[in-house]
Amino acid sequence: MSQQPFTAAALRGAVDLSAFKRPASAPGQPAGAAAPGAPGSRAAAGGSAALVVEGTDASLRDVLASSAQHPVLLVVWSSRLQESGDFVDTMRAVARRYAGRFQLVTVDADANPAVLQAFQVQAVPVSFALVAGQPVPLFEGAQPEEQVIAIVDQVLALAAQHGVTGTVEAADGDVAGSGATEEPEEPPLPPLHQKAFDAIEADDLDTAAGAYREALAQNPADADARVGLAQVGLLQRTRDADPQAARAAAAADPADVQAQILVADLDLLGGHVEDAFSRLVDTVRVTADADRNTVREHLVELFEVIGTTDERVGRARKALMSALF
């Protein structure tokens with residue numbers, strides 16, 4: 001959805017939520033304080049925010065305020081659509097997996113027209129991140145759990161860059177009535193994976209990449225480390241990029257390999273997966289020899305970021321083979 005990468009630029013102007021901004025504080029109330037018992041208040045779940053809450057037109061202001069303390073993932077869905085409800089269950093499972101590192105807010109599109117208008121929702125389900133009161137479009141449609149996890153990791157890295165590292169706690173009723181069964185507790189990450197995860201949260205991408213490389217050196221078949229290294233590489237390559245300048249350079253020279261690669265990275269990080277793949281396949285068609293191989297290898301690395309079982313990767317592989325032969 002978004003054409004911006006997960007950087008500071010992603011927090012500016014993506015969605016206009018000015019109508020939901022909190023007005024000036026009432027006398028005696030701190031700026032940005034949530035109403036007692038509201039989703040964003042400290043009283044919402046016995047002294048700390050709930051892991052999963054139902055958002056409404058009336059409560060969105062408090063949800064936005066709470067995103068200054070902890071990252072929020074907001075899913076607009078419809079209780080009338082089975083696929084939409086199934087995706088909400090997937091998001092609940094992901095929220096439990098992350099054990100409070102973000103709050104999940106679900107909004108029923110059929111009952112909350114103001115949210116639909118503010119977020120310019122065209123179809124459901126649709127997902128957004130809220131960081132420091134600002135929205136970042138993530139993706140439309142139901143996504144597989146592994147794809148959601150990859151995006152969540154990027155959101156948490158972005159939130160850490162902006163100092164939003166608070167957590168929420170799961171109360172007994174957080175997932176009541178969802179229809180989802182309790183899942184066994186996730187086993188702890190291997191030490192090097194945990195080191196990489198902590199480094200990403202601290203915005204130390206070099207250390208994260210080093211930890212994943214060490215994990216791969218110990219076990220070349222470690223698929224999670226390979227995917228993690230590819231994701232960190234994507235963040236490293238795009239963190240200082242100027243999207244407008246990058247796109248201008250790519251438009252000026254379709255055969256400029258590095259320019260095309262950078263824009264493909266930005267597209268992928270912004271959720272435009274198919275645009276990223278198509279750009280690199282087109283670049284393969286207009287290049288040769290070492291340049292063509294560089295593009296091909298980069299495209300294969302982006303396949304790892306998305307996940308080799310994703311149907312978009314399957315289509316892009318076929319297009320790549322066609323372009324090569």
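Residues numbered from 1 in each chain as written. Predicted model: local features only at pLDDT ≥ 70, side-chain atom pairs only at ≥ 80, totals over all residues. Heavy atoms only, no water.

If you check an unreviewed UniProt entry, the protein chain appears there as Putative thioredoxin from Terracoccus luteus.

Draft legend 1. Seen up close, the overall build of the protein chain. Across its full length, the protein chain carries 12 helices and 5 strands. Considering the protein chain as a whole, with its 325 residues, one finds that 50% of them fall into the buried category. Contacts spanning at least 24 positions in sequence make up 71% of the contacts within the protein chain whose residues lie at least 6 apart. For the protein chain, the exposed area adds up to about 15100 Å²; of that, 50% sits on carbon and sulfur atoms. (Helix = DSSP H or I, 4+ residues; strand = E, 2+ residues; numbered from the N terminus. Buried < 20%, exposed > 50% of the residue type's maximum accessible area, 1.4 Å probe, protein only. Contact = heavy atoms within 4.5 Å. Areas by Shrake-Rupley, 256 points an atom, 1.4 Å probe, with all protein chains shown as cover.)

Draft legend 2. Fine view of unusual backbone geometry. Of note, the amide linkage connecting valine 124 to proline 125 takes the cis form, showing an omega dihedral of 0°. Counting through the fold element by element, proline 125 comes out in the loop between helix H3 (113–118) and strand E4 (126–131). A positive phi is found at alanine 99, a non-glycine position, where the angle reads about 55°. Within the fold, alanine 99 resides in the loop between helix H2 (82–97) and strand E3 (103–108). Positive phi, normally seen in glycine, also occurs at aspartate 289, with a value near 55°. Topologically, aspartate 289 is positioned in helix H11 (residues 289–306). Judged by its relative accessible area of 70%, aspartate 289 falls in the exposed class.

Draft legend 3. How the structure looks around helix H9 (residues 257–269). The terminal C-alpha atoms of H9, which comprises 13 residues, lie 18 Å apart, in line with the 18 Å expected from a rise of 1.5 Å per residue. For H9, the full list of buried residues reads Val257, Ala259, Gln260, Ile261, Val263, Ala264, Asp265, Leu266, Asp267, Leu268 and Leu269. Of the surrounding secondary structure, the elements contacted by the buried residues of H9 are helix H4 (145–161), helix H7 (223–238), helix H8 (243–252), helix H10 (273–286) and H11. Two or three places before glutamine 258, at the opening of H9, aspartate 256 has a side-chain oxygen 3.3 Å from that residue's backbone nitrogen. (Expected span 1.5 Å × (residues − 1). Polar contact = N/O pair within 3.5 Å; in protein donor to acceptor, adjacent residues only side chain to side chain.)

Draft legend 4. Molecular detail of the nonpolar core. Val232, Leu268, Phe277, Leu280, Leu299, Leu302 and Phe303 are the most contacted members of the largest nonpolar core, which has 38 residues in total. Those elements that place two or more of their residues in this core are helix H5 (191–201), helix H6 (205–218), H7, H9, H10, H11 and helix H12 (311–324). Ranked by residue count, the leading element in this core is H6, at 7 residues. Setting aside anything within four residues of it in sequence, one finds leucine 299 in contact with Phe277, Leu280, Val281 and Leu320. (Core = buried A, V, L, I, M, F, W, Y, C linked by side-chain atoms within 4.5 Å.)

Draft legend 5. Focus on the sheet that holds strand E5 (residues 134–140). Sheet architecture is open: 5 strands sit in the order E1-E3-E2-E4-E5, paired in mixed fashion. Single-partner strands in this sheet number two, and they are strand E1 (52–55) and E5. Going from strand to strand, the sheet's axes swing by 25° on average, the running direction of each strand aside. In this structure, E4 lies alongside E5, joined through 6 bridges in antiparallel fashion. (Pairing = 2+ DSSP bridges. Axes fitted to C-alpha atoms, helices over the stretch in contact; angles between N-to-C directions.)

Draft legend 6. Structural detail: H11. For H11, with 18 residues, the first-to-last C-alpha span of 26 Å sits near the 26 Å given by 1.5 Å per residue. Among all positions in H11, only Val295, His298, Leu299, Leu302, Phe303, Glu304, Val305 and Ile306 are buried. Buried residues belonging to H11 abut H4, H7, H9, H10 and H12. Immediately beyond the C-terminal end of H11, within one or two residues, lies glycine 307, with a positive phi of roughly 115°.

Draft legend 7. Region of the structure containing the pairing of E5. Counting buried residues in E5 gives 5 out of 7 residues, a clear majority hidden from the surface. Taking the residues between adjacent antiparallel strands as the criterion, E4 and E5 are bridged by 2 residues, where alanine 132 takes a positive phi near 55°.

Draft legend 8. Highlighting the packing of aromatic side chains. Overall, the coordinates contain 5 aromatic pairs when judged by the stated rule. Seen from their ring centres, phenylalanine 87 and phenylalanine 139 are 6.1 Å apart, and the 75° between their planes marks the pair as edge-to-face. Taken together, the residues phenylalanine 87 in helix H2 and phenylalanine 139 in strand E5 connect sequence positions 52 residues apart. What makes phenylalanine 139 buried here is its relative accessible area of 8%. Connected via pairs of aromatic rings, a cluster forms that spans Tyr98, Phe102 and Phe197. (Phe/Tyr/Trp six-rings, centres within 6.5 Å; stacked < 30°, edge-to-face > 60°.)

Draft legend 9. Fine view of the environment of alanine 132. With respect to the helices and strands, the residue alanine 132 is situated in the loop between E4 and E5. The exposure class assigned to alanine 132 is partly exposed, which follows from its relative accessible area of 39%. Separated by 66 residues in sequence, alanine 132 and serine 66 place their C-alpha atoms 8.0 Å apart. With residues up to four places along the chain from it excluded, the contact list for alanine 132 reads Ser67, Ala68 and Val164.

Draft legend 10. Expanded view of the environment of lysine 195. Following the sequence through the fold, lysine 195 ends up in helix H5. By relative accessible area, which is 42% here, lysine 195 ends up partly exposed. As a C-alpha pair, lysine 195 and threonine 207 span 12 residues in sequence and 8.2 Å in three-dimensional space. With sequence-adjacent residues up to four places away left out, lysine 195 is seen in contact with Thr207 and Ala211.

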